[in-house]
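Survey of secondary and tertiary structure
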Protein chains: 2
Amino acid sequence: MRISALAAEAGLPVATVKYYLREGLLQPGTATSATQASYDEHHLRRLRLVRALTGPVGLSVQQARSVLQLVDEPGDDLYSTLGRAVGALPPDGAEPAGADDPYPRARAALEALGQVYDPEFAAVAQLEGALAAADDAGMPITPERLARYGSAAADLAAYDLERMPPEPHAAVEYTVLGTALYEPVLLALRRLAHQDAAVRRLGREA
Amino acid sequence: MRISALAAEAGLPVATVKYYLREGLLQPGTATSATQASYDEHHLRRLRLVRALTGPVGLSVQQARSVLQLVDEPGDDLYSTLGRAVGALPPDGAEPAGADDPYPRARAALEALGQVYDPEFAAVAQLEGALAAADDAGMPITPERLARYGSAAADLAAYDLERMPPEPHAAVEYTVLGTALYEPVLLALRRLAHQDAAVRRLGREA
């Protein structure tokens, strides 16, 4: 298909598609003349990915390019690539507290849950910041709540990992999008489950 | 305690505490002279709440004031007050699609989960937007995944509701902070559980 049809299929202006081509987020099409190129389903799929990363996921074009490079070149160490790809997603976490024990709350929490603690992993700083904010507000996460939330997270993670495509390029794409796009779904479902539980407990005005 | 001690205890500049007093986010102290007032633990607790709402939760001073009004005057219909308080929190959801069926994806999802569907509730628009983003990216939430995520959310909500303080002012405060401050904890735990599951599945470089 021509660039105009590609843009229409993706629901994007042609100028935006051209911008993604210039920025290297979208692979060039197959040249069909000096001024025209042809695009296929592969390009459309990539455009949907770029649109998600720069839209709902909230990445800059530069950040999206970094993530796409990991999708395109996952390398031999898929575990490390997945960690870097997820680490490129918002939000940023807390600053390290010190060289010896940079994330003390997150370390203690992961030890309590019996999980891997690796301070290089971006979500550790994120957990540290989230636990510190709860402490500062006078509503610290109790060990019991940590166990409950940790267990729910582990169940969801096991489910998500079982469905990860075996092919490395697809695995990185699935992990990035599944992490970023399903987080808001989970949070909305939690708020709605609160509402559902509250209406059963408190009743509502007629 | 004097305002300087209050500010020091809360870890805030005196000028910020005075600003919150002027904006009505913090109740006035007890006047001890023409130019001085005395503050107590109640003020300190409120300052921690204001700091959380305007800091990690990300509300503007105006939005924080709206939430604090619901904390201070929860009224008789606690279910509705809780809904409005949580509705004042970010993020905003999707625009309604039409008058007859404004949030079709969210409605279908909640029906599938057997939960209350009330389009007035802010998280419904949030769920609609999150489901639409997943659709647009070519990674729709399958019915099986929805059931799994919904079940995890319901378990967490039941746990959270059981621990809600019975006193209405405290219930609103608990619900607002528990919703906003524990969401980032849950998301960080999910990412870390992914990492933990991935290292078991994929192994890691030595």
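Here the structure is a predicted model, which is why all the values come from computation and not from measurement. (Residues numbered from 1 in each chain as written. Chains lettered and ligands numbered in written order. Predicted model: local features only at pLDDT ≥ 70, side-chain atom pairs only at ≥ 80, totals over all residues. Heavy atoms only, no water.)

Regarding the overall build of chain A
Along chain A, the regular secondary structure elements total nine helices and two strands. When the elements of chain A are put in sequence order from the N terminus, they spell out α-α-β-β-α-α-α-α-α-α-α. Against the 2.2 N^0.38 benchmark of 17 Å for 206 residues, chain A shows a C-alpha radius of gyration of 21 Å, more extended than a compact globule. Oriented by its inertia axes, the alpha-carbon framework of chain A measures out at about 65 × 60 × 30 Å. (Helix = DSSP H or I, 4+ residues; strand = E, 2+ residues; numbered from the N terminus. Rg over C-alpha atoms; globule rule 2.2 N^0.38 Å.)

Considering helix H5 (residues 78-87) of chain A
Residues lying three or four places apart along an α-helix face the same way, a consequence of the helix completing one turn every 3.6 residues. Of all 10 residues that make up H5 of chain A, seven are buried, and the element is covered over most of its length. Listed in full, the buried residues belonging to H5 of chain A are Leu78, Tyr79, Thr81, Leu82, Gly83, Ala85 and Val86 of chain A. Against the buried residues of H5 of chain A lie helix H4 (61-72) and helix H9 (168-202) of chain A together with helix H9 (168-202) of chain B. (Buried < 20%, exposed > 50% of the residue type's maximum accessible area, 1.4 Å probe, protein only. Contact = heavy atoms within 4.5 Å.)

Here we look at the layout of surface pockets
Taken as a whole, the largest pocket spans an internal volume of roughly 860 Å³. What lines the largest pocket is a set of 37 residues, and nearest its centre among them are Pro91 and Leu187 of chain A together with Pro91, Glu183 and Leu187 of chain B. Mapped onto the lining of the largest pocket, the elements with two or more residues apiece are helix H7 (122-136) and H9 of chain A together with helix H7 (122-136) and H9 of chain B. A breakdown of the residues in the lining of the largest pocket according to their chemical character gives 25 nonpolar, six polar and six charged. (1 Å grid on protein atoms, 1.4 Å probe; cavity = no way out; pocket = protein on both sides within 12 Å on 5 of 7 lines; lining within 4 Å. Points joined across faces, edges and corners; volume = space filled by probe spheres on them. Nonpolar A, V, L, I, M, F, W, Y, C, P; charged D, E, K, R; others polar.)

Describing the pattern of salt bridges
With the rule as written, the count across this model stands at 26 salt bridges over all chains. A salt bridge links Arg191 of chain A to Glu183 of chain B, with the shortest nitrogen-to-oxygen separation between them at 2.7 Å. Of the two residues, Arg191 of chain A is situated in helix H9 and Glu183 of chain B in helix H9; the pairing between them involves two chains. One exposure class covers both Arg191 of chain A and Glu183 of chain B, and it is buried. (Salt bridge = Lys/Arg side-chain N within 4 Å of Asp/Glu carboxyl O.)

Structural notes on the packing of aromatic side chains
All chains considered together, the criterion is met by four aromatic pairs over all chains. Summarising the aromatic geometry, the rings of Tyr149 of chain A and Tyr182 of chain B are spaced 6.2 Å apart at their centres and angled 90 degrees between planes, so their arrangement reads as edge-to-face. With Tyr149 of chain A in helix H8 (residues 143-162) and Tyr182 of chain B in helix H9, the pair connects residues from two separate chains. Take Tyr149 of chain A and Tyr182 of chain B: they sit in the same class, and that class is buried. Taking NZ or CZ as reference, Arg163 of chain A lies 3.7 Å from the ring centre of Tyr159 of chain A, over its face. (Phe/Tyr/Trp six-rings, centres within 6.5 Å; stacked < 30°, edge-to-face > 60°. Lys NZ or Arg CZ within 6 Å of the ring centre and 35° of its normal.)

A few points about the environment of Arg48 of chain A
Among the secondary structure elements, Arg48 of chain A is positioned in helix H3 (residues 41-54). Sequence separation between Arg48 of chain A and Ala109 of chain A is 61 residues, and the spatial gap between their C-alpha atoms is 37 Å.

Here we look at the UniProt feature "domain: HTH merR-type" (unreviewed entry) in chain A
Per the UniProt record, "domain: HTH merR-type" (unreviewed entry) is found at residues 1-70 of chain A. Regarding residues 1-70 of chain A, the helix share stands at 59% and the strand share at 6%, and the terminal C-alpha atoms are separated by 27 Å. (UniProt positions renumbered as here; feature names shortened; annotations may be inferred.)

Quick word on unusual backbone geometry
Residues Pro90 of chain A and Pro91 of chain A are joined by a peptide bond in cis, for which omega reads 0 degrees. Relative to the helices and strands, Pro91 of chain A is located in the loop between H5 and helix H6 (104-113).

So, the relation of the copies chain A and chain B
Once turned by 180 degrees and shifted 0.0 Å along the axis, chain A lies on chain B with an RMSD of 0.0 Å. These values place the two chain copies in the arrangement generated by a two-fold rotation axis. Rotation axis and chain A: the residue whose C-alpha lies nearest the axis is Ala152 of chain A, separated from it by 2.9 Å. Of the interface residues in chain A, 100% have counterparts in chain B that sit at the interface too, so the contact is made through matching surfaces. (Least-squares fit on C-alpha atoms with pLDDT ≥ 70 in both.)

Examining the interface of chain A and chain B
Listed per partner, the contact involves 80 residues of chain A and 81 residues of chain B. Taken together, both faces of the contact between chain A and chain B bury some 8000 Å²; the carbon and sulfur share is 66%. Of all residues in chain A, Tyr79, Tyr182 and Arg191 of chain A give up the largest surface area on contact with chain B, accounting jointly for 11% of the area buried on that side. Linking chain A with chain B are eight salt bridges. At the junction of chain A and chain B, the tally comes to 34 residue pairs in polar contact (both at pLDDT 80 or more). Those elements giving two or more residues to the side of chain A that touches chain B turn out to be H3, H5, H6, H7, H8 and H9 of chain A. In terms of residue count, H9 of chain A provides more of the side of chain A that touches chain B than any other element does, 26 residues in total. Residues of the side of chain A that touches chain B, tallied by class, amount to 50 nonpolar, 10 polar and 20 charged. (Buried area = accessible area lost by both parts, 1.4 Å probe. Polar contact = N/O pair within 3.5 Å; in protein donor to acceptor, adjacent residues only side chain to side chain.)

Thoughts on H9 of chain A
When the terminal C-alpha atoms of H9 of chain A are compared, their 49 Å separation across 35 residues agrees well with the 51 Å that a helix rising 1.5 Å per residue should span. Gly203 of chain A, located one to two residues past H9 of chain A, shows a positive phi value of around 75 degrees. (Expected span 1.5 Å × (residues − 1).)

Observations regarding the packing of H6 of chain A against H8 of chain A
Residue and element names in this part refer to chain A. Running from amino to carboxyl end, H6 crosses H8 at an angle of 70 degrees, the nearest separation of the two axes being 10 Å. When the axis of H6 is compared with that of H8, the two are roughly perpendicular. When you trace H6 past H8, the crossing you get is right-handed. Two secondary-structure elements touch here, H6 through Ala109, Ala112 and Leu113 and H8 through Leu146, Ala147 and Gly150. (Axes fitted to C-alpha atoms, helices over the stretch in contact; angles between N-to-C directions. Parallel < 35°, antiparallel > 145°, perpendicular 65-115°, else oblique. Left-handed = near helix turned anticlockwise from the far one by under 90°.)

Regarding the side chain of Glu173 of chain A
Residue and element names in this part refer to chain A. Take Glu173: it is sitting in helix H9. For Glu173, a relative accessible area of 13% translates into the label buried. For Glu173, the residues in contact, after removing those within four places along its chain, are Arg45, Leu49, Val71 and Gly178.

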